Amino acid sequence: GGAGGQAGRRPSSAGSGGGGRRQLAAKKAKRVVRARYPPRAAVGRSRAKAAAGRGRNRRKDDEEEDDEDEATDDEDSDDEEREVLEDRLREEDEEGQEGDLELDERAAQAPHLVSEAPPVKYNVAIPTHGRWRPVGEMSGKKRFKGDNRPFILAHTLSFLRRQGIPRERVTLFVATSTESQNYRKALQGSDWASVRIVVSTLGNKNNRNFIYCYFPKNAYVVSIDDDVERICWKFTDGITHHSLRTLPAGGLQTLIFDARARLAEQGAYLWGVNTSQNPRHMKSYGVSERNGLVNGYLNGFICRPQCPELLRVLADATEDSEFAVRHYAKDGKVLRYRMYAGITSPYLNRGGLQGKFEAEGEKITAEDRSAARKCEERWGANELHRLFPRLIGPPQPRRDKKTMEVVFYSNGYPTGEGSLRRMIAPHLRDEDRIEYAPNPKIVGSVSYDLYEKYMASKTVATARRRGARGIDFAFDSNWGYLQVTDLCTEPLSCERRVADAECGVPKERPRTQIARGRVDTVRVRVKEMSLGHKGLAVSRKALAKFAAKCPELREVSEETWAAVDGPLVKVPLEVLRVLLHWAANGVLLYACKQTKAVHAALKAAGALEAARGVKLLEAKELRRLASEAKAKVASSSASAARGRKAVGKATVSKTTRRQPKAAKLPLRRVKRLALKSKGAKASSPRRHGGGKQVVAARSRTK
């Protein structure tokens, strides 16, 4: 048996018979199975590859969005971890261990290190209530046990002293005259004994509204709570508290000056710091302009008491959320420094807002105070969603009671509208004159270096030659970094020409509302703009001439031109160039393919005479084209008739030539055919069953 088995074995190869074929078939089946059901590692690699591809596309479309998905609430680490951080920062301050930190390129651009903003006048406002009592009584932290210093002196006033903030710039705002006396008595013997104290009103939101209206118009105010111990700064990437350091002495005042300069540059009126003390939610670089919470414990604003829509009217527990969203709704941006956060424990300390949720003389746990505060906060979150449905979402329950339930739409619009707001590259001509803002990109990034190359360009052609791509034009124009200073209106085509004199356009030019303004340009929204675009800057003088010739546009306000439902939202940019040229020269010059868009734009703007002229010219052109087509068809028909006649003659001559051949049949065959036909006539019709008609038909066939 063994010998037979050995003799029966043959090497497996392609030509070795059934065994080799079976093995090849098995290998092929395995390859098919692997292709259909890849192993988990391969699936993971393919998914990672696909995710990387999506990431590359997302980075290409949104170069500067740089994961600004920071937590827009006051989500913190747990209490023990935060106290460990506070102890470490305090020890470093006492021992002077700041030293030379190893900073990466982006962290080295922190405003308190590199800002050259000029000094400005500012006021520091501290709303406070009941925090004149001993800190050992008001705080549950271990290190304050048995400490008899006033709470505010152990926290905010001590922090301001270390930062070198002048005492004459600081004002305490208290609820009653009795509170004022208690604070004055508690601060005796300290450096803050003569600090200014103003009696305002009771209630968190009422006190802050009082502060907002207390200072004169355009005054720069920095509001800071009475329980802030320090400001931490994230100096390197990381998710642990070791990536944080205390803001150096003098850094707060530099930050205040830098924030004032940024507000003026960006057209904003409110700034704050990171909403979270958790290093996981902090960045070592960047200033966000998105919609989100600006914490009340430290923020700065420019007073506008003439704007009552900015005052808080809802709950005390959500007053900072309300203040932030009202500013974003009015100004379109609020600033938040992502590398700074305040060290504060609003839910652990007594007094202040927490005192609202406990009766006089009552001592309850921090959990009970947090639960009572959460009920009011949830009501305020619902009301904010009702008032600002496009900026605030429905309240979202949180696992941690210290986390705000107010949901901000960080992009300024509800979730799901992102596809409608994708950035579109504008149809700019090489001749358009442009101007770029100072480099807003993150230092050290690829986009920063590229922006540096083309930011000095004055025309579109120059910017393209220096490396600007379509996505760069889309992004920079969408975010307002690219301004068109002079839109070229020279016509590209003269296929159609309609003059005002030919269609009866009135010569009088009444005054328009858009002609009056402080700046030389007006933001205008056209068809090729996404919802996120701020509008194209058009010369006010040119736009006023166009509006004067269009009755429907004479009373349009400046804000309406850039609105989502503005008067030119359905007008392509090339058609806008045609209309501006017509307004300046009285002649419409456009391409044939633009006829429908030009007519629709004129009709919507109320320029009915010009629209009628465009329609008449188009009808005239259509009649001309119809007559030309008719003549062409007649010519084609005549040519076809001549062709058919020639074909008929050729057929007749061909038939005539064939007839003699039939006549030249042999005489014998002709006789035979004649006899057969005569015999068919004489034959019986019953034999064929068809009668005489059948016989005649057969004879004719033969």
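Note that the structure is a prediction, hence the values are computed from the model and not measured.

As for the pairing of strand S17 (residues 521–524)
Residues Val522 and Val524 point to one face of S17 and are all buried, whereas Thr521 and Arg523, pointing to the other face, are not buried. Bridging between S17 and strand S18 (residues 536–539) involves four bridges; their strand directions are antiparallel. Following the sheet pairing, Thr521 is matched in S18 by Ser539.

Re the packing of aromatic side chains
In total, this model carries 17 aromatic pairs according to the counting rule given. Ring geometry for Phe173 and Tyr214: centres 5.3 Å apart, planes at 80°, overall edge-to-face. With Phe173 in strand S2 (residues 170–174) and Tyr214 in helix H10 (residues 204–214), the pair connects residues that are 41 residues apart, well separated along the chain. The partly exposed category is assigned to Tyr214, whose relative accessible area is 38%.

What about helix H18 (residues 540–548)?
Within H18, the full set of buried residues consists of Arg540, Leu543, Ala544, Phe546, Ala547 and Ala548. Next to the buried residues of H18 lie S17, S18, helix H19 (558–561) and helix H20 (573–585).

Some thoughts on the pattern of salt bridges
Scanning the model with the defined rule gives 24 salt bridges in all. With its nearest N and O atoms 4.0 Å apart, the salt bridge here joins Lys205 to Asp316. Of this pair, Lys205 sits in helix H10 while Asp316 sits in the loop between strand S9 (298–302) and helix H12 (319–331), placing them 111 residues apart in sequence. With a shortest N-O distance of 2.8 Å, Arg469 and Asp472 are connected by a salt bridge. Residue class for Arg469 comes out partly exposed when judged on its relative accessible area of 38%. Given a relative accessible area of 5%, Asp472 falls into the buried group.

A look at the nonpolar core
Counting 54 residues, the largest nonpolar core has Phe546, Trp561, Leu588 and Leu602 as its most contacted members. Here this core takes eight residues from H20, the largest share from any one element. Non-local contacts of Trp561, meaning those with residues more than four positions away in its chain, are made with Ile514, Val522, Arg523, Val524, Arg525, Leu543, Ala547, Leu553, Val556, Pro567 and Leu568. If you look at the next biggest cluster of nonpolar residues, it comprises 49 residues, including Phe257, Val273, Leu335 and Ala341.

Side note on the confidence of the model for the protein chain
Counting all residues, the mean pLDDT for the protein chain is 79, and 72% of those residues have values of 70 or more. When the elements of the protein chain are averaged for pLDDT, helix H1 (residues 2–8) gives the smallest value, 39, and strand S4 (residues 220–224) the largest, 96. Note that residues 40–44 has pLDDT below 50 and, in this model, one contact with residues that lie over four places away or in other chains.

Observations concerning the environment of Ala125
By the element assignment, Ala125 lies in strand S1 (residues 123–127). Distance in space between the C-alpha atoms of Ala125 and Phe173 is 7.2 Å, their sequence separation being 48 residues. Contacts of Ala125, omitting those with residues within four sequence positions, involve Thr171, Phe173, Ile211, Phe215, Val221, Val222, Ser223 and Ile224.

Quick look at a nonpolar patch on the surface
On the surface, Leu103, Leu113 and Val114 cluster together into a nonpolar patch covering about 210 Å² of accessible area. Looking at the element boundaries, Leu113 is found in helix H5 (residues 111–114). By relative accessible area, Leu113 is classed as partly exposed at 41%.

Focus on helix H14 (residues 446–454)
Turning to H14, its buried residues are Ser447, Leu450, Tyr451 and Tyr454. For H14, the angular spread of the buried residues around the axis is 100°, confining them to a single face. At its buried positions, H14 is contacted by strand S14 (433–436), helix H15 (460–465) and helix H16 (470–478).

A few points about the sheet that holds S4
Either a parallel or an antiparallel arrangement is found when strands of a sheet pair, and the pairing is made through backbone hydrogen bonds. Strand order across the open sheet formed by eight strands is S3-S2-S1-S4-S9-S7-S10-S8, with mixed pairing between neighbours. Edge positions in the open sheet fall to strand S3 (196–199) and strand S8 (287–288), since each of these has one partner strand only. As paired elements, S8 and strand S10 (residues 335–337) share two bridges and run antiparallel to each other. Within S10, the position partnered with Ser288 by the bridge is Arg336. Along the sheet, helix H9 (residues 177–186) makes contact with S2 and S3, crossing S3 at roughly 165°.

Some details on the pairing of strand S7 (residues 270–273)
Residues of S7 alternate between two faces, with Leu270 and Gly272 on one and Trp271 and Val273 on the opposite face, all of them buried. Pairing of S7 with S9, which is carried by three bridges, proceeds in the antiparallel orientation. Bridging from a neighbouring strand, Trp271 pairs with Gly300 of S9. Both S7 and S10 contribute to a ladder of three bridges, which runs parallel. Opposite Val273, over in S10, you have Tyr337 as the bridge partner.

Quick notes on the rules
Numbering of residues starts from 1 in each chain and follows the order in which that chain's sequence is written. The model is predicted, so local features are restricted to residues of pLDDT at least 70 and side-chain atom pairs to those at 80 or more, both for listing and for counting; the totals for chains, interfaces and linings are taken over all residues. Values shown for side chains rest on all heavy atoms present in the structure; no hydrogens or waters enter the calculation. When accessible area is computed with a 1.4 Å probe and restricted to protein chains, residues below 20% of their type maximum are described as buried, those above 50% as exposed, and intermediate ones as partly exposed. Segments assigned H or I by DSSP are reported as helices when at least four residues long, segments assigned E as strands when at least two residues long, and all are numbered from the N terminus. Strand pairing is defined by DSSP finding a minimum of two bridges between the two strands. Stacked, edge-to-face and tilted labels apply to pairs of Phe, Tyr and Trp rings (six-membered ring for Trp) whose centres lie within 6.5 Å, assigned for plane angles under 30 degrees, over 60, and everything in between, in that order. Every residue pair with non-hydrogen atoms within 4.5 Å of one another is taken to be in contact. A carboxyl oxygen of Asp or Glu within 4 Å of a side-chain nitrogen of Lys or Arg is what we treat as a salt bridge. We call a set of buried residues a nonpolar core when its members are Ala, Val, Leu, Ile, Met, Phe, Trp, Tyr or Cys and they connect through side-chain atoms within 4.5 Å of each other. Within a predicted model, pLDDT stands for the predictor's per-residue confidence, ranging from 0 to 100. A residue counts toward a patch only above 30% relative accessible area and without a salt bridge, and it is joined to like-charged neighbours within 9 Å or, for Val, Leu, Ile, Met, Phe, Trp and Tyr, to nonpolar neighbours within 5 Å. Accessibility throughout is a Shrake-Rupley quantity obtained with a 1.4 Å probe, and a residue counts as covered only by protein chains that appear here. As used here, the arc is the angular range of directions from the helix axis to the C-beta atoms. Under this scheme, a helix contributes an axis fitted over its contacting stretch, all axes are lines through C-alpha atoms, and angles between N-to-C directions fall in the 0 to 180 degree range.

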